[in-house]
Every structure is written in structure tokens, then in C-alpha cells.
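Chain residues, written in single-letter form:
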Amino acid sequence: MNKSQHKQALLRLGDDALILGQRLGEWCGHAPALEEDIALTNIALDLIGQTQSYLSLAGSLHEDDTQTDDQLAFHRIERDFQNLLLVEQPNGDFGDTIVRQFLFDYYALFRAEHIASQVFDIDAAAIAAKAIKEIRYHADHSSKWVIRLGDGTDESHSRVQKSLNKLWKFTGEMFTVDEIDIVGAASGLLPDLDSIKTKWDSAINAVLKDATLKRPEDGWMQKGGRSGIHTESFGFLLAEMQSLPRAYPDATW
Amino acid sequence: MIQTVEQFDAYVAAEKKIEPKDWMPDGYRKTLIRQISQHAHSEVVGMLPEGNWITRAPSLQRKAILLAKVQDEAGHGLYLYSAAETLGVERSDLVDDLLSGKAKYSSIFNYPVLTWADIGAIGWLVDGAAILNQVPLCRCSYGPYSRSMIRVCKEESFHQRQGYSIMVELMKGNEAQREMAQDALNRWWWPSLMMFGPSDKDSEHSSQNMKWKIKRFTNDELRQRMVDMTVPQAECIGLKMPDKELKWNDETGHHDFGEIDWDEFYNVLAGNGPCNEERLAVRNKAHDDGAWVREAAVAYADKKKKTKG
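Residues numbered from 1 in each chain as written. Chains lettered and ligands numbered in written order. Predicted model: local features only at pLDDT ≥ 70, side-chain atom pairs only at ≥ 80, totals over all residues. Heavy atoms only, no water.

1. Digging into the overall build of chain A
Phase 1 of the analysis: When you go through chain A residue by residue, the secondary structure sums to 10 helices and 0 strands.
Phase 2 of the analysis: The order of helices and strands in chain A, counted from the N terminus, is α-α-α-α-α-α-α-α-α-α.
Phase 3 of the analysis: Radius of gyration (C-alpha) of chain A: 18 Å, near the 18 Å computed for a compact globule of 253 residues.
Phase 4 of the analysis: Its C-alpha atoms give chain A principal-axis dimensions of roughly 55 × 40 × 30 Å.
Phase 5 of the analysis: In chain A, which comprises 253 residues, the proportion classed as buried is 59%.
Phase 6 of the analysis: Here the analysis covers contacts within chain A between residues at least 6 apart in sequence; of these, 79% occur between residues at least 24 apart.
Phase 7 of the analysis: Here chain A contributes 25 positive and 39 negative side-chain charges, whose respective centroids are spaced 4 Å apart. (Helix = DSSP H or I, 4+ residues; strand = E, 2+ residues; numbered from the N terminus. Rg over C-alpha atoms; globule rule 2.2 N^0.38 Å. Buried < 20%, exposed > 50% of the residue type's maximum accessible area, 1.4 Å probe, protein only. Contact = heavy atoms within 4.5 Å. Lys, Arg positive; Asp, Glu negative; His and termini not counted. Charge placed at Lys NZ, Arg CZ, Asp CG, Glu CD.)

Shown next as C-alpha cells:
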């Protein structure tokens, strides 16, 4: 893996965390219960922390000057972001947010477990080792809510099943292998996505069973995030997130 | 054991803590429920104005700090609702009173948060004023309230420092940033002074609450402290206080300052502030939108209880 590919691999880790953290930040003060206001902001906070670490590391691999995490977060355009389409999906209702989180958490967990154990990039390994502790909580939180909503009332069951059906088409992208995944796996930095998929399937299936929810059929899968082709709502997310640093490009805060 | 008003008064006068199972006068209980729940509501509504800026924080570090701060506030809301529940009320009833508009919350949150510098001003001034109000409450005669305030105050002091640090950074920045900081101070200064409540001569609850050791200092004493504390902090970073009458008084050893616009104070309190309707509407929408989620959680817990039982 060359330096530019190495940087891209790290950008993907940072962008997934940043965009999901940004979405969760929108919930603040609007959650169904005070406990969930705390939980969702707490998860967002973990994700922004992971973002800072991964993007700083990615920026250190820039060809000329080092780029900072903030330059990467606030001064790239839509087409330069490489996060999964799943994490940028609008919050929807609480069920949509929880299902989005649940589908991502196990992918993020198994990916972090691999990264923590490799030696190609020991800085990335250290970041992932810290992130694992956080992601385990996230997965526990989202799984318990999927079960409560799935096995709660008729209304909650039908709503969360709809969320699952709606978001399922974004799960294929997590396991679609491209050039970065191939060279990343060859270097040892990135996991073999097939083996992650096996673990992910069994974790997801176990929770869905407890939740009395039906796993959707694998139909046509949407992809594009990893090559910078995003869904329409993504531009609005960036416009909001980047407004201040864009208005005052030389300012420090 | 406390059984009479005289015993209660003597106990409180001796600086001993009243605990949930102790006998207490109805007025004491009522006052505490009102004050603690208003305080909890203020934490919860207070998440909204700052929450608006989480998605627009200008750096990742500022975003992380603001997330941590707003999360603390939700946590304060939880401790305080729990403290109120020790007095024999239910959190859900207290929340209903907030949502119907029957219960009050701090009027400061009815002002709009227009720029990033407002986030600095809120931390510095609003949390600064809150600390001055709350530090004496750590010695409140009611045990659960006193203990929750000890924890709250530790976190609030971080909040105040992060707000001031935003202002410091802006004042070190370019002209637009400095103007943003001054503008925020101009708009937030007077509402922050209003946070200490009506002037002593018009305050209805003060004297009894002092006797019960719920309150330790009068509104005007705390307000004077706020002025004395803030003026040098503003000077230090080059901000100008928006009060032409403000000057140091050698004789009193305090700053003299201008008159608060009490007409504005009572109007915002009565619901006529710039954001009163909006804040309550947002809380109501969150509560209504989340009803199916709370119902599902209860239904699931009930199912599990049955299978266990």
C-alpha cells in the first residue's frame, strides 16, 4: 500500500466516524427521553474523538505539508468524503437512528478489532484499541433498543421493521471490496471484508431474532460513498457543518 | 426525630441536613419541589439553545467539548429530577407541568443563540451566574439537593471555563471574531444579570428561604458578585462592558452598575421572550415524537417481568 492509499484508508475510518457523529449531534435535546439525550450525545462524542485521531493520522500522511484534522473535516468538498452512505442517512425517527447505528456498530467493532491487532500502522492500532471499548458500548446500546422496539408494542415492531427494510440497501457497501480494501488487506492494515461479513451476519442475526424482526432479503445494494458519490442530503450536512470555517478560513477557534 | 416545626427549625438552624424520610413543613417541601424541578427543567430546556450549535461548531475540538457540556446538562437534569422525586413527586408529572407551560424554567434560555460567540458568552456568563447561584446551594439544608449541587457545580465550573476560553480565542482572532465576541457580550450581559431574579425589595420567596437555609444570599448580593467577578475578566481580554453607568466605587469596594430593564425581565418571565414559544414547542414535539419509543420500552420491560415471574 502506498502513502496515498494508506491515507485514504485512514480517511475512510475518520469520515465514517465524523459523519455519523455529526448526524447524532442533531438529536441533542430532541430524544424520546432524557437518558437517550445523554446516550446519543455520548456516542456522538466518542465518534468525534475517533474522528480527531484518525483524521490527524491521515493528515500526517499528506504529500506536502501536514493537514490537520480540522482542515480535512471542514475544508473538503462532498466528492472528497469517503464515508459509507449508511452513516450519512438522515436521522428519521428514533427507530431509523437506532437501526442505522446498530447496522454500523458491529461493522465498526469487527473492523476496529482487526485494526487494533495489526502492526502495519501502530498508531492506527492504538486508536482502534481505544475505540473498541467505546464501540462495544455503542453496539450494546443499539442492540438493546432494537430488541426493545422489535419486541415492544405492535407499533414499535412495525416501525422498526420498516426502518430495517429501508436501511438494508446501504449495508452492502460495508462489504464491497475496492482497490483500497485489497491493498489495505494485503498490508495488514484493513481487515478481509469477507471475514468481517461472517461475524457481522451472525451478530446481526442474533439480535434480530431476539427482537422478533425479519432480516430483509439482500436485494440491490446502494453504494458510492467510498468513491465520494453521496446521497443528496449529504451536501446539506456538510453545508451546515462547514459553514463557520468556510466563512472565516483563516480564523482559529 | 423531628416532629414539630420548632424541632425542624432548630435542626436546620444547627446546619444539620434534612433527609427524605424526615418530617418537614409542607411549605418547605413545596418550595423545594418548585425550586428543584424548575432547576431540572432549566437544564433540560438549556440543552436546546446550545444544542443548535453542536452541528455548527467551528472545529472538531469545539464540537467535542460542546457535546460533552450539553451531555452534562442532561445529566444535571436527571440528578435534579431524582432529587425532586425524593420529596414524593413523579418525574413524569413534573415534565407534564413543563410541557403544559405551568412550570417555569430559567428565562435566560428564551433568548436566541445567534452566533458562535454566543456559545462562549453562555458558558462564561450564564454558567458563571449559575455557579454563583448554585455554590451556596451545595450547603442547602435538604440533603439530596445539596449533594446533587456539589456534583453539578464541579461540572459547571468546567462549562464556565470553556465559555471563557471561546471568548479568549475570539479576542485573539481577527476583527470579525472580536466583533462577534463583543456583540455576544452586549446581548447576553443584561439577561445574565437578570438570572439572579427580582431585586431584593421585590423578591417574594427570599426571607423564608433564608430561614430554611435553602437560600444563603439575597438576589442582589449574588448579582453584585457577578458584576465584580465579570468586569476584570472582560477587561483582561479587551471586551467592553455594555453599561455606561458601570464604575468602581472605592467606598463600597464594589462596582456600581446601571439599572436592569425590569420591564423586559417580567415580560420574558411571562412568556413574551424571543424564544419562549419555540423552546416549549420543541420540547413538546420531542416528547410527542418519542411517545411510541417510551411505550415500547415499558411494554418490553413488562413482558420480561412476566417471563421471569
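Resuming the write-up.
2. Examining the interface of chain B and chain A
It is common to give the size of an interface as the accessible area lost on bringing the parts into contact.
Phase 1 of the analysis: Each partner contributes residues to the interface: chain B has 46 residues there, and chain A has 47 residues.
Phase 2 of the analysis: Of the roughly 4000 Å² buried between chain B and chain A, counting both surfaces, carbon and sulfur atoms make up 68%.
Phase 3 of the analysis: The largest contributions to the chain B side of the interface with chain A come from B:T55, B:L60 and B:W292, which together make up 21% of the buried area.
Phase 4 of the analysis: Counting across the interface, chain B meets chain A through 2 salt bridges.
Phase 5 of the analysis: In this structure, B:R91 and A:E35 form a salt bridge, with 2.8 Å as the shortest nitrogen-oxygen distance.
Phase 6 of the analysis: Viewed at the interface, chain A and chain B are joined by 12 residue pairs in polar contact (both at pLDDT 80 or more).
Phase 7 of the analysis: Looking at the side of chain B that touches chain A, the element that brings in the most residues is helix 3 (residues 60-85) of chain B, giving 14 residues.
Phase 8 of the analysis: Grouping the amino acids of the side of chain B that touches chain A by side-chain chemistry returns 27 nonpolar, 10 polar and 9 charged. (Buried area = accessible area lost by both parts, 1.4 Å probe. Salt bridge = Lys/Arg side-chain N within 4 Å of Asp/Glu carboxyl O. Polar contact = N/O pair within 3.5 Å; in protein donor to acceptor, adjacent residues only side chain to side chain. Nonpolar A, V, L, I, M, F, W, Y, C, P; charged D, E, K, R; others polar.)

3. Digging into helix 7 (residues 154-167) of chain A
Each α-helix turn comprises 3.6 residues. Residues three or four places apart therefore point the same way.
Residues and elements named next belong to chain A.
Phase 1 of the analysis: For helix 7, with 14 residues, the first-to-last C-alpha span of 20 Å sits near the 20 Å given by 1.5 Å per residue.
Phase 2 of the analysis: Along helix 7, the positions that sit buried rather than exposed are S156, V160, Q161, S163, L164 and L167. For helix 7, the buried positions fall inside an angular range of 155° around the axis, keeping them on one side. With respect to the buried face of helix 7, the exposed residues turned more than 90 degrees away are D154 and K162. (Expected span 1.5 Å × (residues − 1). Arc of directions from axis to C-beta.)

4. Details of the confidence of the model for chain B
Phase 1 of the analysis: Of the residues in chain B, 99% have a pLDDT of 70 or more, and the chain-wide mean is 95.
Phase 2 of the analysis: Among the prediction metrics, the complex's ipTM stands at 0.97, with pTM recorded as 0.96. (pLDDT = per-residue confidence, 0-100.)

5. Considering the nonpolar core
Phase 1 of the analysis: A:L103, A:Y106, A:W200, B:W116, B:Y142 and B:W188 are the most contacted members of the largest nonpolar core, which totals 174 residues.
Phase 2 of the analysis: In terms of residues, this core owes the most to one element, helix 5 (residues 94-117) of chain A, which gives 13 residues.
Phase 3 of the analysis: If we skip the residues at most four places from it in the chain, B:Y142 touches B:I18, B:E19, B:P20, B:M24, B:Y28, B:L32, B:I36, B:A83, B:T86 and B:L87. (Core = buried A, V, L, I, M, F, W, Y, C linked by side-chain atoms within 4.5 Å.)

6. A few points about helix 7 (residues 175-194) of chain B
Residue and element names in this part refer to chain B.
Phase 1 of the analysis: Here helix 7 is 20 residues long and its end C-alpha atoms lie 30 Å apart, about the 28 Å a rise of 1.5 Å per residue gives.
Phase 2 of the analysis: W188 marks where helix 7 bends most, by close to 35°; the proline P191 follows one to four residues later.
Phase 3 of the analysis: Where helix 7 begins, the capping side chain belongs to N174, and its oxygen is found 3.2 Å from the backbone nitrogen of A176. (Bend = angle between axes of the 7 residues up to and from the residue.)

7. What about the packing of aromatic side chains?
Here the distance between the centres and the angle between the planes together describe a pair of aromatic rings.
Residues and elements named next belong to chain A.
Phase 1 of the analysis: Taken as a whole and assessed by the stated rule, the structure comprises 18 aromatic pairs over all chains.
Phase 2 of the analysis: Each ring, one from F81 and one from F234, has its centre 5.7 Å from the other, and the planes form 70°; the classification is edge-to-face. Placement of F81 in the loop between helix 3 (69-74) and helix 4 (85-88) and of F234 in helix 10 (residues 233-247) is noted, with a sequence separation of 153 residues between them. Exposure class is identical for F81 and F234. Each is buried.
Phase 3 of the analysis: By way of ring pairs, the aromatic residues F104, Y107, W168, F175 and W200 are connected into one cluster. (Phe/Tyr/Trp six-rings, centres within 6.5 Å; stacked < 30°, edge-to-face > 60°.)

8. Section: a negative patch on the surface
Phase 1 of the analysis: A surface patch of like charges, here negative, comprises B:E85, B:E90, B:D93 and B:D96.
Phase 2 of the analysis: Topologically, B:E85 is positioned in helix 3. (Patch = residues over 30% accessible without salt bridge, like charges linked within 9 Å, V, L, I, M, F, W, Y side chains within 5 Å. Areas by Shrake-Rupley, 256 points an atom, 1.4 Å probe, with all protein chains shown as cover.)

9. A short note on the environment of B:N284
Phase 1 of the analysis: Relative to the helices and strands, B:N284 is located in helix 11 (residues 276-289).
Phase 2 of the analysis: Through-space distance from the C-alpha of B:N284 to that of B:A234 is 38 Å; in sequence the pair is 50 residues apart.

10. So, the pattern of salt bridges
Residues and elements named next belong to chain A.
Phase 1 of the analysis: A complete count under the given rule lists 31 salt bridges over all chains for this structure.
Phase 2 of the analysis: Across the pair R226 and D16 runs a salt bridge, and its minimum N-O distance is 3.0 Å. Pair noted here: R226 is in the loop between helix 9 (193-210) and helix 10 and D16 is in helix 1 (residues 3-25), with a separation of 210 residues, a long-range link. Of the two residues examined, R226 and D16, each falls in the buried class.

11. Comments concerning the side chain of A:Q5
Residue and element names in this part refer to chain A.
Phase 1 of the analysis: Note on placement: Q5 falls in helix 1.
Phase 2 of the analysis: Taking relative accessible area as the criterion, Q5 reaches 11% and is therefore assigned buried.
Phase 3 of the analysis: Filtering out sequence-adjacent residues up to four positions away, Q5 remains in contact with E179, I180 and V183.

12. What about the side chain of A:R76?
Residue and element names in this part refer to chain A.
Phase 1 of the analysis: Of note, R76 is situated in the loop between helix 3 and helix 4.
Phase 2 of the analysis: With a relative accessible area of 8%, R76 lands in the buried category.
Phase 3 of the analysis: Within the structure, R76 has its side chain in polar contact with the side chain of D15 (distance 2.7 Å).
Phase 4 of the analysis: A distance of 3.1 Å separates a polar side-chain atom of R76 from the backbone oxygen of D80.

13. Some remarks on the packing of helix 5 (residues 116-134) of chain B against helix 6 (residues 143-171) of chain B
Residue and element names in this part refer to chain B.
Phase 1 of the analysis: Viewed as axis vectors pointing N to C, helix 5 and helix 6 meet at an angle of 145°, and their least axial separation amounts to 7 Å. Regarding helix 5 and helix 6, the two cross each other, and that crossing is left-handed.
Phase 2 of the analysis: Residue composition of the contact of helix 5 with helix 6, by class: 13 nonpolar, 9 polar and 2 charged. (Axes fitted to C-alpha atoms, helices over the stretch in contact; angles between N-to-C directions. Left-handed = near helix turned anticlockwise from the far one by under 90°.)

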